[in-house]
Amino acid sequence: MEHIAQQNLLGSIARQLIDTLNSGPSHRQSGPRRCIQRHHVGAHQRLDYFAENPLYPERMFHTRFRMIKHLFLCIANALSEWSPYFTLRADCANRQGLSPLQKCTSKIRLLAYGTPADGLDEYLKIGKSTTREYMHAPTVDDVQRLLQVNESRGFPGMLGSIDCMHWRWKNCPTAWKGQFTRGDYGVPTITLEAVASHDLRIWHAFFGVPGPNNDINVLNQSPLFIEALKGQAPQVQFSVNGRQYNTGYYLADGIYPEWATFVKSIKAPQMEKHKLYALKQEGRRKDIERAFGVLQSRFNIVHRPSRLWKRKSIGRIMKACVILHNMIVEDEKEMVEVPIDLNEQGGSSIALPPEVLVGGSFKYYRRLLVIKRYG
């Protein structure tokens with residue numbers, strides 16, 4: 001009896017489906033696509049930040065755009081010269097499009113606040129679909145300045161501090177979650193390896209390695225020492241306790257390998273001089289931690305979990321935030337000024353032009369980096 005009842009139920013459902021299909025086309029209304037009239041000219045006039053008599057002061061502009069107005073206008077002009085997208089154009093109906101200030105404002109606010117792509121539509125009337133200069137390796141002059149500042153801080157020959165930061169990937173594809181999920185985080189993340197100096201400028205940024213990789217695995221894939229291995233990086237010479245060294249170094253934590261280019265702290269120091277060294281090293285190494293904190297506070301989009309699907313798009317956002325961060329650092333002149341005393345003896349740290357090494361192999365140059373500094 002139960003089998004007959006199930007057969008009758010399935011038969012009735014099949015007849016209802018057949019009747020629905022034979023009843024004709026659906027009642028869905030068809031017609032032209034609805035077009036939302038966004039008044040771009042009026043929206044441009046409502047950008048009070050750029051008026052002759054702005055409603056908001058410079059201090060509020062800096063708070064909301066993470067930079068001063070002069071730097072923002074320089075970025076807008078540079079983008080207008082670089083790409084036609086950031087220029088004022090008209091569509092096929094001869095209607096005026098978005099102004100360069102509207103487009104740049106939307107992009108900067110998206111990075112600063114981490115809002116959705118259509119979150120600024122109501123104010124700026126922009127729909128959802130709608131450099132290398134600040135990421136270069138340090139030059140000889142840059143290295144000389146870094147050496148001078150770091151020697152005054154007690155670390156001659158220091159080029160910066162290195163560490164990694166994880167950015168949570170909320171919309172990571174299900175097939176990749178195991179590859180990008182780290183045990184202590186419990187969620188998919190993407191790793192950023194960076195080198196920062198005392199002024200919080202990021203001189204090296206390597207992004208895109210899956211989160212479960214530790215700092216050593218990220219370093220093995222990083223191009224940090226490529227120029228040094230090729231002999232194209234500025235040479236460094238400095239002396240400590242009467243002994244001369246020809247390799248600059250970075251301050252790192254304990255997970256990094258025992259290479260001559262990494263200077264780490266001392267675990268459980270017992271002697272007073274070891275305690276003093278550990279205190280100074282751990283304090284100076286906080287430069288990279290401070291740089292990560294300022295980067296996330298300036299651009300909230302890298303502080304919140306990423307809602308994008310493509311790794312390439314996430315990498316472009318991170319690169320854009322790092323470049324803007326460096327531009328702000330240089331524009332606001334956050335460089336530490338080292339007082340010059342003419343009566344003081346000159347520093348021992350010297351930066352020399354790169355010298356291309358001829359002969360040898362890649363393994364030989366890599367071995368130069370692996371040799372321990374003391375021993």
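Residues numbered from 1 in each chain as written. Predicted model: local features only at pLDDT ≥ 70, side-chain atom pairs only at ≥ 80, totals over all residues. Heavy atoms only, no water.

### Regarding the nonpolar core
In summary, soluble globular proteins display a tendency toward joint burial of nonpolar side chains.
Okay, so step 1: Met67, Phe72, Leu295, Phe299 and Met318 are the most contacted members of the largest nonpolar core, which has 41 residues in total.
Okay, so step 2: It is helix H13 (residues 311-331) that provides the largest number of residues to this core, a total of nine residues.
Okay, so step 3: Every residue in contact with Phe72, bar those within four places of it in the chain, is listed here: Phe50, Phe61, Phe65, Met67, Leu101, Cys104, Thr105 and Ile108. (Core = buried A, V, L, I, M, F, W, Y, C linked by side-chain atoms within 4.5 Å. Buried < 20%, exposed > 50% of the residue type's maximum accessible area, 1.4 Å probe, protein only. Helix = DSSP H or I, 4+ residues; strand = E, 2+ residues; numbered from the N terminus. Contact = heavy atoms within 4.5 Å.)

### Notes on helix H7 (residues 140-152)
Okay, so step 1: Its 13 residues place the ends of H7 18 Å apart at the C-alpha level, agreeing with the 18 Å of an ideal helix rising 1.5 Å per residue.
Okay, so step 2: For H7, the complete set of buried residues consists of Asp142, Val143, Leu146, Leu147, Val149 and Asn150.
Okay, so step 3: Directly after H7, the chain includes Gly154, whose backbone phi takes a positive value near 100°. (Expected span 1.5 Å × (residues − 1).)

### Looking at the pattern of salt bridges
Okay, so step 1: According to the stated counting rule, one finds seven salt bridges in the structure shown.
Okay, so step 2: Between Asp163 and Arg285 there is a salt bridge whose closest N-O contact spans 3.5 Å. Pair noted here: Asp163 is in strand E1 (residues 158-168) and Arg285 is in the loop between helix H11 (272-284) and helix H12 (286-298), with a separation of 122 residues, a long-range link.
Okay, so step 3: Across the salt bridge formed by Arg201 and Glu330, the nearest N and O atoms sit 2.0 Å from each other. Of the two residues, Arg201 sits in the loop between strand E2 (189-196) and strand E3 (202-210) while Glu330 sits in helix H13, which places them 129 residues apart along the sequence.
Okay, so step 4: Each of Arg153, Asp287 and Arg290 takes part in one network of salt bridges that share partners. (Salt bridge = Lys/Arg side-chain N within 4 Å of Asp/Glu carboxyl O.)

### Things to note about the packing of aromatic side chains
Okay, so step 1: Considering all chains together, one arrives at twelve aromatic pairs under this definition.
Okay, so step 2: A ring pair is formed by Trp167 and Phe207, whose centres lie 6.1 Å apart and whose planes are at 45°; its orientation type is tilted. Pair noted here: Trp167 is in strand E1 and Phe207 is in strand E3, with a separation of 40 residues, a long-range link.
Okay, so step 3: Note on Phe238 and Tyr245: the rings are 5.4 Å apart at their centroids and 25° apart in plane angle, and the pair reads as stacked.
Okay, so step 4: Its relative accessible area of 3% is what places Phe238 among the buried residues. (Phe/Tyr/Trp six-rings, centres within 6.5 Å; stacked < 30°, edge-to-face > 60°.)

### Some words on the environment of Val322
Okay, so step 1: Among the secondary structure elements, Val322 is positioned in helix H13.
Okay, so step 2: Its relative accessible area of 1% is what places Val322 among the buried residues.

### A look at the sheet that holds E3
Okay, so step 1: The five strands lie next to each other as E3-E2-E1-E6-E7, forming an open sheet whose pairing is mixed. The open sheet is flanked by E3 and strand E7 (262-263), the only strands paired with a single partner.
Okay, so step 2: Alignment of E2 against E3, held across seven bridges, turns out to be antiparallel. When the bridges of E3 are listed, Thr191 appears paired with Val209.
Okay, so step 3: Across the sheet, H7 touches E1 and E3, and the angle it forms with E1 is around 100°.
Okay, so step 4: Against the sheet, H12 makes contact with E1, E2 and E3, and its axis sits at roughly 45° relative to E1, the strand it touches most. (Pairing = 2+ DSSP bridges. Axes fitted to C-alpha atoms, helices over the stretch in contact; angles between N-to-C directions.)

### Structural notes on unusual backbone geometry
Okay, so step 1: Of note, the phi angle at Asn241 is positive, near 55°, even though the residue is not glycine.
Okay, so step 2: Mapped onto the fold, Asn241 is located in the loop between strand E4 (235-240) and strand E5 (243-245).
Okay, so step 3: Positive phi, normally seen in glycine, also occurs at Ala268, with a value near 50°.
Okay, so step 4: Mapped onto the elements, Ala268 comes out in the loop between E7 and H11.

### A word on the side chain of Asn150
Okay, so step 1: Structurally, the position occupied by Asn150 is in helix H7.
Okay, so step 2: Each residue touching Asn150, except ones within four places of it in the same chain, is listed here: Phe155, Pro156, Met158, Leu159, Gly160 and His198.

### Focus: the packing of H12 against H13
Okay, so step 1: Following both chains from N to C, one finds H12 and H13 inclined at 105°, their axes separated by 10 Å at the closest point. In this view, H12 runs roughly perpendicular relative to H13, as classed from their interaxial angle. Side by side, H12 and H13 meet where Ala291, Val294, Leu295 and Arg298 of the first sit next to Met318, Cys321, Val322, His325, Ile328 and Val329 of the second.
Okay, so step 2: Tallied by class, residues from the contact of H12 with H13 come to eight nonpolar, one polar and one charged. (Parallel < 35°, antiparallel > 145°, perpendicular 65-115°, else oblique. Nonpolar A, V, L, I, M, F, W, Y, C, P; charged D, E, K, R; others polar.)

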